[in-house]
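Next come the chains, spelled out residue by residue.
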Protein chains: 2
Amino acid sequence: MATGATDSRQRFIDVAIRLFIRHSFAGTSLQMIADEVGVTKAAVYHHFRTREDLLSAVVEPLVEQVRAVIEQAEAQRGRHARADHMLTGYADLVVRNRALMAVLSGDPGAIDMLRSHPHVRDLIERQIKLFADLEPGPGGLVKAAMLLAGTAGAAGPVLIDLDDDTLRQQFVGAGRRMLGLRTPRPPK
Amino acid sequence: MATGATDSRQRFIDVAIRLFIRHSFAGTSLQMIADEVGVTKAAVYHHFRTREDLLSAVVEPLVEQVRAVIEQAEAQRGRHARADHMLTGYADLVVRNRALMAVLSGDPGAIDMLRSHPHVRDLIERQIKLFADLEPGPGGLVKAAMLLAGTAGAAGPVLIDLDDDTLRQQFVGAGRRMLGLRTPRPPK
């Protein structure tokens, strides 16, 4: 029974991701999710009481991945190593979640809801700081914001023909160029 | 009478922009716009038959500004001058329309609708080409997409404390760095 409940919970999450990608967070209702899965709205309510609960469940794994990268980056010695670790980790994470990141990064409804979680706001600020520390003043802040928004946004339809490895590599290359980071030498 | 009709049309557009910024395109109905203006839905229908008509009216001035910058950029001699003209013109345009750009750039509902206009798709492709011509292969394409998405996305809440002039100048500086463009010497 427990496995069945977990399965159907995961099924709602998978369908929600598909519908968010197609219709945005604001454009997706619990009714649409119920229709797509082929159950009643009550069956969705059994797992998620609001659309916000469902969005939280959708982004939870992503938030945990971002947190892990941030913590590893903050543990590096020196601001160049910290920024580079954040850059490569973020590029990898965006590429592994291409479609979802493209939607979440720009959906005002989803962003408002995420920002209202203090721990998400805290993670965004720590991410920005890891990049912005390379350059004091507004320049560092603007580059950090462009890098976060640009990487997530560029994961969308424009670059759909590029394979994951190429996209990851180019994100890192462009990010290093914008931040003024040298490409680290490969370990011997 | 003609002026009155134009005024009320413009009033709906202004309210629509405010609501798109707050609720996204998908999250804004004609009914919400009628309620906010304090008129019946029929009064909105008199000017806009669908939400898509209204979005077209909202973005029309923006699209015309983008088209003008693209045409001026394409008329420059040499790919560096063309890319630099596109970069400075786009930064200026994004800053002058900060809040709206931040929403439109990432709203999947709005983007889908805009992309379905062949002339908008054509403008996006010409913009990308102006940047991507600097570097053959996927690198040029990825940098172009990051620059377009990053500039529009970074115009949002993260950088709300920066004034327009600082933001414009930093966008151009970061863009030149990413594209590998030298800062042109000021004219004597």
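Residues numbered from 1 in each chain as written. Chains lettered and ligands numbered in written order. Predicted model: local features only at pLDDT ≥ 70, side-chain atom pairs only at ≥ 80, totals over all residues.

Colleague: Hey, could you go over the overall build of chain A for me, with residue numbers and the actual values?
Modeller: What chain A contains, in helices and strands, is 10 helices and zero strands. Listing every helix and strand of chain A by position from the N terminus yields α-α-α-α-α-α-α-α-α-α. Classification of the 188 residues of chain A by burial places 40% in the buried group. Counting contacts in chain A only where the partners sit at least 6 residues apart, residues at least 24 apart contribute 63% of the total. (Helix = DSSP H or I, 4+ residues; strand = E, 2+ residues; numbered from the N terminus. Buried ≥ 20, exposed ≤ 12 C-beta atoms within 10 Å, placed from the backbone. Contact = placed C-beta atoms within 7 Å.)

Colleague: Residues and numbers for the packing of helix H8 (residues 118-132) of chain A against helix H9 (residues 138-154) of chain A, please.
Modeller: Residues and elements named next belong to chain A. Where H8 contacts H9, the two axes come as close as 8 Å, and the packing angle between them is 120 degrees. When the axes of H8 and H9 are compared, the pair comes out oblique. Where H8 crosses over H9, the handedness of that crossing is right-handed. Seen from H8, the contacting residues are Gln127, Ile128, Phe131 and Ala132; seen from H9, they are Gly140, Leu141, Lys143, Ala144, Ala145, Leu147 and Leu148. By residue class, the composition of the contact of H8 with H9 is eight nonpolar, two polar and one charged. (Axes fitted to C-alpha atoms, helices over the stretch in contact; angles between N-to-C directions. Parallel < 35°, antiparallel > 145°, perpendicular 65-115°, else oblique. Left-handed = near helix turned anticlockwise from the far one by under 90°. Nonpolar A, V, L, I, M, F, W, Y, C, P; charged D, E, K, R; others polar.)

Colleague: Could you give me a rundown of the relation of the copies chain B and chain A, with the residues and numbers involved?
Modeller: With an axial shift of 0.0 Å and an RMSD of 0.0 Å, the rotation relating chain B to chain A amounts to 180 degrees. Accordingly, the operation relating the two chain copies is best matched by a two-fold axis. Most of the interface of chain B is mirrored in chain A: 100% of its interface residues are interface residues there too. (Least-squares fit on C-alpha atoms with pLDDT ≥ 70 in both.)

Colleague: Any chance you could break down the packing of H9 of chain A against helix H10 (residues 164-179) of chain A for me, citing the residues and the numbers?
Modeller: Residue and element names in this part refer to chain A. Where H9 meets H10, the axes come as close as 10 Å, and the angle between the chain directions of the two elements is 165 degrees. The angle between H9 and H10 falls in the class roughly antiparallel. The way H9 lies across H10 gives a crossing that is right-handed. Contacts between H9 and H10 involve Lys143, Leu147 and Thr151 from the first element and Phe171, Gly175, Met178 and Leu179 from the second. For the contact of H9 with H10, the per-class residue count stands at four nonpolar, two polar and one charged.

Colleague: Hey, could you go over the confidence of the model for chain A for me, with residue numbers and the actual values?
Modeller: In this model, chain A carries a mean pLDDT of 87, and residues with pLDDT of at least 70 account for 89%. Two numbers describe this predicted complex: its pTM, 0.83, and its ipTM, 0.82. (pLDDT = per-residue confidence, 0-100.)

Colleague: Requested: an account of the interface of chain B and chain A, with residues and values cited.
Modeller: Accessible area lost upon the coming together of the parts is a frequently used measure of interface size. At the interface, 35 residues of chain B touch 35 residues of chain A. When contributions to the side of chain B that touches chain A are tallied by element, the ones reaching two or more residues are helix H7 (108-115), helix H9 (138-154) and helix H10 (164-179) of chain B. When residues of the side of chain B that touches chain A are assigned to their parent elements, the largest contribution, 13 residues, is made by H9 of chain B. Per-class residue counts for the side of chain B that touches chain A are 19 nonpolar, 13 polar and three charged.

Colleague: If you had to explain the environment of Gly140 of chain B to someone new, which residues and values would you point to?
Modeller: Along the chain, the position of Gly140 of chain B falls in helix H9. Counting along the chain gives 12 residues from Gly140 of chain B to Ile128 of chain B, while the straight-line C-alpha distance between them is 8.9 Å.

Colleague: Lay out the environment of Thr50 of chain B with the relevant residues and their values.
Modeller: Residue and element names in this part refer to chain B. You can see Thr50 is positioned in the loop between helix H3 (41-47) and helix H4 (51-74). Residue classification places Thr50 among the exposed residues on the basis of 10 C-beta atoms within 10 Å. In sequence terms Thr50 and Gly137 are 87 residues apart; their C-alpha atoms lie 41 Å from each other.

Colleague: Quick rundown of helix H8 (residues 118-132) of chain B? Include the residues and the values.
Modeller: Residues and elements named next belong to chain B. The end-to-end C-alpha separation of H8 is 21 Å, in line with the 21 Å expected for 15 residues at 1.5 Å each. Within the sequence span of H8, burial applies to Gln127, Ile128, Leu130, Phe131 and Ala132. Against the buried residues of H8 lie H4, helix H5 (79-96), H9 and H10. (Expected span 1.5 Å × (residues − 1).)

Colleague: Please set out H10 of chain A residue by residue, giving values where relevant.
Modeller: In this model, H10 of chain A (16 residues) spans 22 Å end to end at C-alpha, consistent with the 22 Å of a helix rising 1.5 Å per residue. Within the span of H10 of chain A, buried status applies to Leu167, Gln170, Phe171, Val172, Ala174, Gly175, Met178 and Leu179 of chain A. Next to the buried residues of H10 of chain A lie helix H5 (79-96), H8 and H9 of chain A together with H9 and H10 of chain B. Remark: Gly180 of chain A follows H10 of chain A within two positions and exhibits a positive phi of approximately 75 degrees.

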